[in-house]
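One-letter residues, chain by chain:
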Amino acid sequence: MASFAKIGLNNKVIGVHSLHNDVLKDANGVEQEVLGIDFLTKLHGWSIWKQTSYNTGGGVHKLGGIPLRKNHAGIGYTYDEDRDAFIPPQNFPSWILNEDTCLWEAPVAKPADGELYNWNEETTSWDLIA
């Protein structure tokens, strides 16, 4: 299945739709994003769509394929045209966008001691869950 993000105002993802891959195939059997966009535009009357990959996260394709647009889109994500990437909503105001993964990261690394932690935005630190 192929996934497409419906893009609304301010490049926000307002929906994600799946299509059978056959819809994307041209006369030579090659998948073309534009064919999916054309199909969805005719079906929904909305013309702003971007293909997204369920198997892509943090700029890596989990099955070893070519990653598509850094992350699988979800409702509330933003499509960044300059990066050609889907960026999730920012977790906390202090978190920083990793340009390689297009994911938000805490300004302080989470302890890797096997314990459970919650982010404390007030202190910009990780609090141990008791």
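Residues numbered from 1 in each chain as written. Predicted model: local features only at pLDDT ≥ 70, side-chain atom pairs only at ≥ 80, totals over all residues. Heavy atoms only, no water.

Novice: Is there a simple way to think about the overall build of the protein in this case?
Specialist: Helices and strands together make up the secondary structure of the protein, namely 1 helix and 11 strands. Along the protein, helices and strands appear, N-terminal first, in the series β-β-α-β-β-β-β-β-β-β-β-β. Taking 14 Å as the expected radius of gyration for a compact globule of 130 residues, we find that the protein reaches 18 Å, considerably beyond that expectation. For the protein, the C-alpha atoms occupy an extent of roughly 60 × 35 × 25 Å along the three principal directions. Taking all 130 residues of the protein together, the buried fraction comes to 32%. With the model as given, the accessible surface of the protein reaches about 8,100 Å², and the carbon-plus-sulfur share is 53%. Charged side chains in the protein number 10 positive and 17 negative. The centres of these two groups are separated by 8 Å. (Helix = DSSP H or I, 4+ residues; strand = E, 2+ residues; numbered from the N terminus. Rg over C-alpha atoms; globule rule 2.2 N^0.38 Å. Buried < 20%, exposed > 50% of the residue type's maximum accessible area, 1.4 Å probe, protein only. Areas by Shrake-Rupley, 256 points an atom, 1.4 Å probe, with all protein chains shown as cover. Lys, Arg positive; Asp, Glu negative; His and termini not counted. Charge placed at Lys NZ, Arg CZ, Asp CG, Glu CD.)

Novice: Would you mind showing me how to read the packing of aromatic side chains here?
Specialist: Note on aromatic pairs: each is described by the distance of the centres and the angle between the planes. According to the stated counting rule, one finds 6 aromatic pairs in the structure shown. Measuring from centroid to centroid gives 5.3 Å for Tyr 79 and Phe 86, while their planes differ by 55°, and the two rings are tilted. The same class applies to Tyr 79 and to Phe 86, which are both buried. A centroid spacing of 5.4 Å and a plane angle of 50° characterise the contact between Phe 92 and Trp 95, whose relative ring orientation is tilted. The exposure class of Trp 95 is buried, given its relative accessible area of 12%. An aromatic cluster of three or more residues is present, and its members are Phe 92, Trp 95, Trp 119 and Trp 126. (Phe/Tyr/Trp six-rings, centres within 6.5 Å; stacked < 30°, edge-to-face > 60°.)

Novice: Even after reading the chapter, I still don't get the pattern of salt bridges, so can you show me in this structure?
Specialist: Should their charged atoms come close, side chains of opposite charge can pair. Following the criterion strictly, the structure yields 5 salt bridges and no others. We note a salt bridge from Arg 69 to Asp 84, for which the minimum N-O separation is 2.7 Å. Of this pair, Arg 69 sits in the loop between strand E5 (60-61) and strand E6 (78-80) while Asp 84 sits in the loop between E6 and strand E7 (85-87), placing them 15 residues apart in sequence. On the accessibility criterion, Asp 84 (33% relative accessible area) is partly exposed. Via salt bridges that share partners, Glu 33, Arg 69 and Asp 84 belong to a single interconnected network. (Salt bridge = Lys/Arg side-chain N within 4 Å of Asp/Glu carboxyl O.)

Novice: I tried to follow the side chain of Asn 71 on my own but got confused; where do I start?
Specialist: Examined against the element boundaries, Asn 71 turns out to sit in the loop between E5 and E6. With a relative accessible area of 4%, Asn 71 lands in the buried category. Of note is the side chain of Asn 71, whose polar atom sits 3.1 Å from the backbone oxygen of Thr 101. Within the structure, the side chain of Asn 71 is placed 3.2 Å from the backbone oxygen of Cys 102, a separation counted as a polar contact. Apart from the residues within four sequence positions on either side, Asn 71 is in contact with Thr 52, Thr 56, Gly 57, Gly 58, Gly 59, Tyr 77, Phe 86, Pro 88, Thr 101, Cys 102 and Leu 103. (Polar contact = N/O pair within 3.5 Å; in protein donor to acceptor, adjacent residues only side chain to side chain. Contact = heavy atoms within 4.5 Å.)

Novice: When you look at helix H1 (residues 33-44) in this model, what are you seeing that I'm missing?
Specialist: One turn of the α-helix equals 3.6 residues, which is why residues spaced by three or four share an orientation. Over its 12 residues, H1 extends 16 Å from the first C-alpha to the last, a length consistent with the 16 Å expected when each residue adds 1.5 Å. If you check which residues of H1 are buried, you get Gly 36, Ile 37 and Leu 40. Each buried residue of H1 lies within a common arc of 100° when the element is viewed along its axis, so the set occupies one face. Elements in contact with the buried residues of H1: strand E1 (2-7), strand E2 (13-19) and strand E3 (49-52). Two residues or fewer past H1, Gly 45 is found with a positive phi of approximately 70°. (Expected span 1.5 Å × (residues − 1). Arc of directions from axis to C-beta.)

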